[in-house]
Amino acid sequence: MGSKRFGAAIATIAAGLVIGSPTANGDFVPASCAQGWGVETVVEGVGNLENLDSDGAGGFYVTGILDGFLAHVDASGRFEPLVTGLDHPAGVRVVGRSVYFLTGDGIDAAPGTLRRYDIDTGAVEVLLTGLNGPNGLLVLPDGDLLFTTIGVKAPPTGISRYRPSTGEYTKTWSALPLTNGLALAPDGRSIYTDSLELKIFRIPLDAPNSPSVVTGVPRLLALPDDMEATRDGLLFVADHTLGAVYQVDTATGSACAIITGLIKPGPFRNPPDGATSVRIVRDGANWALYVTSMDGALRRLRPPSGLDLTPADERRR
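Thresholds, definitions, all that
- Residues numbered from 1 in each chain as written.
- Predicted model: local features only at pLDDT ≥ 70, side-chain atom pairs only at ≥ 80, totals over all residues.
- Heavy atoms only, no water.
- Helix = DSSP H or I, 4+ residues; strand = E, 2+ residues; numbered from the N terminus.
- Rg over C-alpha atoms; globule rule 2.2 N^0.38 Å.
- Buried < 20%, exposed > 50% of the residue type's maximum accessible area, 1.4 Å probe, protein only.
- pLDDT = per-residue confidence, 0-100.
- Contact = heavy atoms within 4.5 Å.
- 1 Å grid on protein atoms, 1.4 Å probe; cavity = no way out; pocket = protein on both sides within 12 Å on 5 of 7 lines; lining within 4 Å.
- Points joined across faces, edges and corners; volume = space filled by probe spheres on them.
- Nonpolar A, V, L, I, M, F, W, Y, C, P; charged D, E, K, R; others polar.
- Salt bridge = Lys/Arg side-chain N within 4 Å of Asp/Glu carboxyl O.
- Disulfide = S-S within 2.5 Å.
- Pairing = 2+ DSSP bridges.
- Axes fitted to C-alpha atoms, helices over the stretch in contact; angles between N-to-C directions.
- Phe/Tyr/Trp six-rings, centres within 6.5 Å; stacked < 30°, edge-to-face > 60°.

### Brief notes about the overall build of the chain
Here comes step 1: Tallying secondary structure elements over the chain gives 1 helix and 25 strands in all.
Here comes step 2: For the chain, the C-alpha radius of gyration of 18 Å lies close to 20 Å, the compact-globule estimate for 317 residues.
Here comes step 3: Across its three principal axes, the chain shows a C-alpha extent of roughly 55 × 45 × 40 Å.
Here comes step 4: When each of the 317 residues of the chain is scored for burial, the buried share is 56%.

### Quick word on the confidence of the model for the chain
Here comes step 1: Here the chain averages 91 in pLDDT, and 91% of its residues register 70 or above.
Here comes step 2: Note that residues 1–27 has pLDDT below 50 and, in this model, 56 contacts with residues that lie over four places away or in other chains.

### Quick notes on empty space enclosed by the protein
Here comes step 1: The tally for this structure, following the rule as stated, stands at 1 cavity of 30 Å³ or more.
Here comes step 2: In this structure, the largest cavity occupies an estimated 30 Å³ of space.
Here comes step 3: Listed by contribution, the elements that provide at least two residues to the lining of the largest cavity are strand S17 (199–204) and strand S18 (212–216).
Here comes step 4: When the residues that make up the lining of the largest cavity are grouped by side-chain class, the tally is 5 nonpolar, 2 polar and 1 charged.

### Comments concerning the pattern of salt bridges
Here comes step 1: Enumeration over the complete set of coordinates arrives at 20 salt bridges.
Here comes step 2: Glu40 is paired through a salt bridge with Arg302; the nearest N and O atoms lie 2.8 Å apart. You can see Glu40 sitting in strand S2 (residues 38–43) and its partner Arg302 sitting in strand S25 (residues 298–302), a full 262 residues away along the chain.
Here comes step 3: A salt bridge links Asp226 to Arg279, with the nearest nitrogen and oxygen atoms 2.9 Å apart. Of the two residues, Asp226 is situated in strand S19 (residues 224–229) and Arg279 in strand S23 (residues 275–283); the sequence distance between them amounts to 53 residues.
Here comes step 4: You can call Arg279 buried: its relative accessible area is 0%.
Here comes step 5: Salt bridges here are not isolated pairs; linked through shared partners, they connect Asp53, Asp226, Glu228, Arg279 and Arg316.

### Points about the state of the cysteines
Each disulfide is one covalent bond, formed between the sulfur atoms of two cysteines.
Here comes step 1: What the rule picks out here adds up to 1 disulfide.
Here comes step 2: For Cys33, the disulfide goes to Cys256, at an S-S distance of 2.1 Å. An S-S torsion of about 85° defines the bridge between Cys33 and Cys256 as right-handed. Residue Cys33 is located in the loop between strand S1 (31–32) and S2, and its partner Cys256 is located in strand S22 (residues 255–259); the two are separated by 223 residues in the primary sequence. For the pair shown, Cys33 and Cys256 are each scored as buried.

### Points about the sheet that holds strand S16 (residues 190–195)
Here comes step 1: Here 4 strands make up an open sheet; going across it, the order is S15-S16-S17-S18 and the pairing antiparallel. The open sheet has two edge strands with one neighbour each: strand S15 (179–184) and S18. Ignoring which end each strand starts from, the neighbouring axes of this sheet average 25° apart.
Here comes step 2: Sheet topology places S16 next to S17; 5 bridges connect them, and they run antiparallel. By the bridge assignment for S17, Ile191 is matched with Ile203.

### Remarks on the packing of aromatic side chains
Here comes step 1: Taken as a whole and assessed by the stated rule, the structure comprises 4 aromatic pairs.
Here comes step 2: Taking 6.0 Å as the distance between ring centres and 70° as the angle between the ring planes, the aromatic pair formed by Trp37 and Phe236 counts as edge-to-face. Pair noted here: Trp37 is in the loop between S1 and S2 and Phe236 is in strand S20 (residues 234–239), with a separation of 199 residues, a long-range link.
Here comes step 3: On the numbers, 6.3 Å between centres and 15° between planes, the contact of Phe147 with Tyr169 is stacked. Residue Phe147 is found in strand S12 (residues 145–149), and its partner Tyr169 is found in strand S14 (residues 168–174); the two are separated by 22 residues along the sequence.
Here comes step 4: Phe147 gets classed as buried once you look at its relative accessible area, which sits at 0%.

### Some points on the pairing of strand S13 (residues 159–163)
Here comes step 1: Among the 5 residues of S13, 4 are classified as buried, and the element is accordingly described as predominantly covered.
Here comes step 2: With 4 bridges connecting them, S12 and S13 associate as antiparallel partners. Considered in S13, the bridge of Leu146 is made with Arg161.
Here comes step 3: Taken together, the 4 bridges between S13 and S14 define a ladder with antiparallel strand orientation. Among the inter-strand pairings, Arg161 is bridged to a residue of S14, identified as Thr170.
Here comes step 4: Counted between consecutive antiparallel strands, the loop separating S13 from S14 contains 4 residues, among which Gly167 sits at a positive phi close to 85°.

### Quick notes on the pairing of S22
Here comes step 1: Where burial is concerned, most of S22 is hidden: 5 out of the 5 residues are buried.
Here comes step 2: Alignment of S1 against S22, held across 2 bridges, turns out to be parallel. Bridging across to S22, Ser32 finds its partner in Ala257.
Here comes step 3: With 4 bridges connecting them, strand S21 (residues 244–249) and S22 associate as antiparallel partners. By the bridge assignment, Val245 is partnered in S22 with Ile259.
Here comes step 4: If you look at the hairpin formed by S21 and S22, you'll find 5 residues sitting between the two strands, and Gly253 has a positive phi there, around 85°.

Right under this line is the structure:
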């Protein structure tokens, strides 16, 4: 099931290039900006990690898409499954004492759900059912949830919006198709998203059907997944093509790779098998990127001196 998630994008790439090789129009691999970044493994060998969010105390909630779990990784790196037997769990976000998460991620997956896990009791409540391949998840400043959908078993639903306080559900808040990751922009009035069209978009919250392209082919050839932005307008994006995390200047669309090779080991590639999600989280007095990958590891990436990683979302500071 997981290998079908980016099937359309894989076909596009296969038609024009061999991964890791130059194309007729030049080398598609972005410039490296890895110098100065430090990489540490927080936990490894825990399955096909799809998404993460900070618990606010040095730990994380993570999902395993093929392994069917919602789990917690504490500040010491101890891994604890909390909910198991899930069908392709994906996006996860922590709000107070609740963890919201999605199931049913995949182009041709069975209808999915939005659920809420109670941190204090361990109870799980199903909030929405029948979702069309739900994937990325974001909490807006007003408390509403946005989630992307990539399913093709039903008419496209683009990005959906849900209000936990009332249960109000807008099935197609934005009609942009085959969307994946989500991040709040520094202005607090727009979001970033990416899609299986191999592009990254900016969407105004007050005009959800008026997206503009930030970058994409030919400037950046990637199978982008989840992401997070800084207050200075840098966007860090997980990618399956090279198992990379890209640093994107949202003002110019230029991109560079801060790390590559975060790919599930094996004799053959079977995408999606690379980096899946990025979060900016406190690291002592500083900030760091935390990255999940299908290779079963959660990593901490510490930036070089002088790079401001302060997150765009004020609530994460």
